[in-house]
Number of protein chains: 2
Amino acid sequence: MAHGISAKLASILSADISEVERKRFPDNEMYLRVKEDLSGQDVIVIGNTKNDSDIIEYLLLLNAVREEDPKSLTAIIPYFGYARQHMKYHDGEPISSKVFTRAIGEYADRIISVELHNDQTVKYSKVPFNNIKILNPIYEHFKNKDIDYIISPDDGGYDRARNLADKLHVEAYYINKKRIDANTVQMNLPDINYKNKNVLLVDDIISTGGTIIRASQELKESGINQINVCAIHGVFAGNSDKKISGIVNNLVVTDTIESKYSKITTAGEIASALLNKIRA
Amino acid sequence: MAHGISAKLASILSADISEVERKRFPDNEMYLRVKEDLSGQDVIVIGNTKNDSDIIEYLLLLNAVREEDPKSLTAIIPYFGYARQHMKYHDGEPISSKVFTRAIGEYADRIISVELHNDQTVKYSKVPFNNIKILNPIYEHFKNKDIDYIISPDDGGYDRARNLADKLHVEAYYINKKRIDANTVQMNLPDINYKNKNVLLVDDIISTGGTIIRASQELKESGINQINVCAIHGVFAGNSDKKISGIVNNLVVTDTIESKYSKITTAGEIASALLNKIRA
């Protein structure tokens, strides 16, 4: 549960934060109870579909609120887990992001999420679903820092890198990856002059951080001055936050998943999307 | 996942068991893949809604099968977890069994479960939902054992005890419980002659086993010959299986949740319900 965003959103929207009682029964079933009377209220339920227990808790919470007969119920999911399983890559696989989108839409009148890995997930929803892109808060964070190049770890993220580069008036590049065999991926850094330069690697999700770690290790030997890394969602599987911050000069993520690297907030963008929808 | 029941059901129904590939991604998201081609097939998906990861896996599996376009999809849930949260006891609580019933009904054409704690859960389903009662397999297990009395741990389970007692031609009783304060429940054993007798304590679910343990400790001092304990669902929270089997002479549960105490199978009853429905 994203407490940092909740507090910031409540402040922007002048909304109250309802207390939720949580416990486990002896058999490990989850118990929760919303402590405020929410009948007739506009209610936002914030939660991430990041791990099994988070998803169960989020569905129970949405149901608890819905049972109270609110005026409206908006599901805000800063980090939508399972969004990389937005299609079947092989027969017999589930479409995981569809499963959770549908389950949430059973209770929510609308869904707001941040930078889904793929926009296809939005199309599985029967209720309005906003997928917010985060550009300005990242620009604001880096505008006074001395960045020479922006690099995307793969061609799929090049648009994000280029949009940010345009605002910062610098050049954008991407790392060219070529699969050699099942275990080997060849990685070609952009062929530019790194000597005494400051680069910013930008990605949507840092999970294991494999590409960023390899790229940073190579860049270190190029005479580079500073490596900055920025991602929307800091999943940081397998302590990749420690591995990355041990190599690069600066690691920053947003607050969609709270960590000590969450130096950029998405609350303002979420509030704008919410208010636009309420107005519309 | 109830492998014991799956194998027995497949045997009764002459059905094949599809292999399912399962793994976790580095960020702990679940991956699964059904290995058989299920299009146009009558498919049964067996799983318990017992803990968070089981529920997530079960929903992903139901979706994976549904995406393959089967002829029919039956959800068999031998132990339906969260069925004790079948209503709001206080404002602000979720109706947990409704949440999972609805989520499963999103994919399944029909649902079969065994001895739900409360029949209310069935009413939340939009698809046909059979709640099977298990009596005959328990009777068969105990008919040649020398049982003198059957005792239910509370008045709510008295019907179950009496139905079994009628078949075994013995008397049924229940333990009278009276709440004294928040922390104290007074327990009154039936006022009958226990000397050299064999009793059978019958319940639907053994979770912490609190009442059964207390009752067994008291019965031990009554000159009783043998204490037998039988339940449909052996949840066994907090090692209660070890605590109970350390006190009583004989602990038996069904295979809705597999354990070494699963000496009674429900597969025959589930197959009957399934075939009746297919016929009907």
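The structure this text deals with has already been given above.
Residues numbered from 1 in each chain as written. Chains lettered and ligands numbered in written order. Predicted model: local features only at pLDDT ≥ 70, side-chain atom pairs only at ≥ 80, totals over all residues. Heavy atoms only, no water.

Thoughts on the interface of chain B and chain A
For an interface, size is often stated in terms of accessible area lost upon the parts coming together. Our working definition: By the convention used here, residues are in contact when the closest approach between their heavy atoms is within 4.5 Å. Once two parts are joined, some of their accessible surface, as seen by a 1.4 Å probe, is lost; buried area is that loss totalled over both. For this document, the term salt bridge refers to a Lys or Arg side-chain nitrogen within 4 Å of an Asp or Glu carboxyl oxygen. Nitrogen and oxygen atoms within 3.5 Å of one another constitute a polar contact, given that in protein one can donate a hydrogen and the other can accept it, and given that sequence-neighbouring residues count only through two side-chain atoms. We count a stretch as a helix when DSSP gives it H or I for four or more residues in a row; a strand needs E for two or more, and each element gets its number in order from the N terminus. Polarity classes work like this: nonpolar for Ala, Val, Leu, Ile, Met, Phe, Trp, Tyr, Cys and Pro, charged for Asp, Glu, Lys and Arg, and polar for all others, with Gly in that last group.
At the interface, 45 residues of chain B touch 45 residues of chain A. Counting each side, the surface lost to burial between chain B and chain A is near 3,900 Å², with a carbon and sulfur contribution of 50%. When the buried area of chain B at its contact with chain A is split by residue, Glu29(B), Asp52(B) and Ile56(B) rank highest and sum to 15% of it. Applying the counting criterion to the chain B and chain A interface returns 12 salt bridges. Our count for the contact surface shared by chain B and chain A stands at 26 residue pairs in polar contact (both at pLDDT 80 or more). When residues of the side of chain B that touches chain A are assigned to their parent elements, the largest contribution, 9 residues, is made by helix H2 (residues 52–67) of chain B. By residue class, the composition of the side of chain B that touches chain A is 20 nonpolar, 9 polar and 16 charged.

Details of empty space enclosed by the protein
Over the atoms a probe the size of a water molecule is rolled, and this reveals where empty space is left. As a reminder of what qualifies: Method remark: on a 1 Å grid restricted to protein atoms, a set of points is classed as a cavity if a 1.4 Å probe fits but cannot get out and as a pocket if it is open with protein on both sides within 12 Å along at least five of seven lines; lining residues have an atom within 4 Å of a point. Grid points are joined across faces, edges and corners, and a volume is the space filled by probe spheres set on the points.
Under the definition given, this model contains 3 cavities of 30 Å³ or more. Computed from the structure, the largest cavity encloses a volume of approximately 110 Å³. Those elements that provide at least two residues to the lining of the largest cavity are helix H3 (96–105) of chain A together with helix H3 (96–105) of chain B. Of the residues belonging to the lining of the largest cavity, the class tally is 7 nonpolar, no polar and 4 charged.

Topic: the pairing of strand S1 (residues 20–24) of chain B
Where we set the bar: We treat two strands as partners when DSSP finds at least two bridges between them.
As judged from the 5 bridges shared by S1(B) and strand S2 (residues 30–34) of chain B, these two strands associate in the antiparallel manner. The residue of S2(B) that forms the bridge with Val20(B) is Val34(B).

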